[in-house]
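Inside the fold
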Amino acid sequence: MGDDPGRLYRLDGVAHIVGVINDEPRRCISSVRRQQGMRLDERYVPYLQMAGLYHLARLNDKWFRLDEPLVSAFVERWRPETHTFHMPFGECTITLQDVAYQLGLPVDGHYVSGCLTDFHLYIEGGRPAWQWFHELLGVLPPENQVQKFAVNCTWFQETFGECPDGADEETVRRFARAYIMILLGTQLFADKSGNRIHIRWLPYVARLEEMGSYSWGSAALAWLYRCMCRVANRHVVKLAGPLQLLQSWIFWRFPLFRPTGYDEISWPLSSRWACYNPGISNKGPRVQMARLKIDLLQPRDFIWMPYSALDVIQVVHPEVLELRHTMLWRCVTSLIYFAVVEWHQVDRVLPQFGGVQPPRVPP
């Protein structure tokens with residue numbers, strides 16, 4: 001059987017990473033993530049609150065490092081067919097509930113989608129995309145900082161790193177737009193380049209007051225699912241997406257993999273591990289060790305309902321507990337992020353919501 005692209009998501013496809021563990025026992029993914037590098041100015045806060053991204057912005061102020069060997073071992077257990085981790089004790093996965101608690105993002109709202117290329121056909125008045133960029137941000141990047149419809153992240157950071165003291169309201173709005181674009185492009189929807197910000201966000205930042213009506217949580221989860229499905233292919237070693245969500249989910253759900261000394265809980269919950277530094281040495285042996293620990297996991301080693309703990313309830317923001325959000329946590333539905341559509345298959349992990357998983361009937 002060859003590595004035909006049409007078979008990469010097949011359970012029996014030889015391209016899946018688990019098929020080559022014996023050949024590459026120390027295979028370790030490399031993460032692609034860039035720290036935003038822009039200070040959260042208090043003048044941006046009203047716009048971030050309107051956009052539903054304020055909690056994410058507070059989280060971004062903290063430094064984050066990925067434990068690549070640990071994540072590599074977990075990715076080996078990821079099944080693209082079901083969007084779940086297949087563990088010795090059964091299936092588990094990252095759900096919309098986890099996104100809400102870990103990142104503080106809204107999950108109810110319009111899907112995040114739109115045009116990626118022919119902007120002039122959809123922009124009011126038919127203006128070219130870069131003209132619109134100039135109107136919204138007040139400046140154009142040099143040609144050597146542009147790659148098709150993406151701008152180098154460094155240019156954003158250097159141009160909009162500090163909002164001038166005494167800036168008028170329109171200037172603050174422009175800097176807030178740039179902050180939001182780089183926040184989305186680095187913390188939630190980073191691609192494997194790790195250093196470019198796509199201008200797909202122009203239609204959103206043009207209407208800051210309406211950004212809060214979108215389901216940023218479901219879009220982020222769709223992108224994480226897609227990135228993990230890609231890296232489950234043995235030929236892919238770079239992992240992008242909202243990796244802070246993935247690692248924090250592992251620490252909250254699997255105490256055996258949790259670093260010690262991080263007992264203080266704050267909101268959003270992934271901020272608990274903000275200063276964790278896993279180190280970068282001996283990645284190969286650490287992958288093997290993590291793989292062995294996963295192989296020995298028992299049902300008691302997984303926390304099915306971590307968010308019911310009293311110390312979590314004390315810090316949770318009441319907004320994420322609104323009925324319009326919580327009713328979606330248990331929905332089997334599609335998750336949409338532009339051209340990415342993935343399934344939220346919570347019917348396979350009912351114990352994560354206090355339910356009982358019925359036995360699977362063979363087809």
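Please refer to the structure placed before this passage.
The sections below set out a description of the structure shown in this document.

Calculation notes
- Residues numbered from 1 in each chain as written.
- Predicted model: local features only at pLDDT ≥ 70, side-chain atom pairs only at ≥ 80, totals over all residues.
- Heavy atoms only, no water.
- Helix = DSSP H or I, 4+ residues; strand = E, 2+ residues; numbered from the N terminus.
- Areas by Shrake-Rupley, 256 points an atom, 1.4 Å probe, with all protein chains shown as cover.
- Pairing = 2+ DSSP bridges.
- Contact = heavy atoms within 4.5 Å.
- Axes fitted to C-alpha atoms, helices over the stretch in contact; angles between N-to-C directions.
- Phe/Tyr/Trp six-rings, centres within 6.5 Å; stacked < 30°, edge-to-face > 60°.
- Buried < 20%, exposed > 50% of the residue type's maximum accessible area, 1.4 Å probe, protein only.
- Lys NZ or Arg CZ within 6 Å of the ring centre and 35° of its normal.

Details of the overall build of the chain
If you tally the helices and strands in the chain, you get 13 helices and ten strands. Of the roughly 16,200 Å² that the chain leaves accessible, carbon and sulfur atoms contribute 53%.

A short note on the sheet that holds strand E6 (residues 150-152)
Pairing is antiparallel across the open sheet formed by three strands, whose spatial order is E5-E6-E7. Strand pairing shows two members of the sheet lacking a second neighbour, strand E5 (146-147) and strand E7 (196-198), which therefore form its edges. Against the sheet, helix H6 (residues 153-160) contacts E6 and E7, and its axis sits at roughly 65° relative to E6.

Describing the sheet that holds strand E4 (residues 90-92)
What the three strands build is an open sheet, ordered E2-E3-E4; its pairing is antiparallel. A single partner strand is all that each edge strand has here, and the edge strands are strand E2 (78-79) and E4.

Examining the packing of aromatic side chains
Enumeration over the complete set of coordinates arrives at 42 aromatic pairs. Ring geometry for Phe 74 against Phe 85: centres 6.0 Å apart, planes inclined by 85°, an arrangement best described as edge-to-face. One end of the pair, Phe 74, is in helix H3 (residues 68-75); the other, Phe 85, is in strand E3 (residues 84-87), with eleven residues separating them in the sequence. Overall, the relative accessible area of 1% leaves Phe 74 in the buried class. Residue class for Phe 85 comes out buried when judged on its relative accessible area of 0%. Ring geometry for Trp 252 and Tyr 307: centres 6.5 Å apart, planes at 50°, overall tilted. Highlighted residues: Trp 252 in helix H10 (residues 243-253) and Tyr 307 in the loop between helix H11 (283-295) and helix H12 (310-313), separated in sequence by 55 residues. Its relative accessible area of 4% is what places Trp 252 among the buried residues. For Tyr 307, a relative accessible area of 6% puts it in the buried group. Three or more aromatic residues joined by ring pairs form one cluster here, namely Phe 74, Trp 78, Phe 85, Phe 89, Tyr 225, Trp 249, Phe 254, Phe 257, Phe 302 and Trp 304. Between the NZ or CZ atom of Arg 200 and the centre of the ring of Phe 338, over which it lies, the distance is 5.1 Å. It is Arg 272 that lies over the ring of Trp 252; its NZ or CZ is 4.9 Å from the centre.

Digging into unusual backbone geometry
Here Trp 267 and Pro 268 are connected by a cis peptide whose omega angle stands at -10°. With respect to the element layout, Pro 268 can be found in the loop between H10 and H11. If you check the backbone angles, Phe 338 has positive phi at about 50° while not being a glycine. The residue Phe 338 is located in the loop between strand E9 (333-337) and strand E10 (340-344) in this model.

By themselves, these are just geometric observations and shouldn't be taken as functional.
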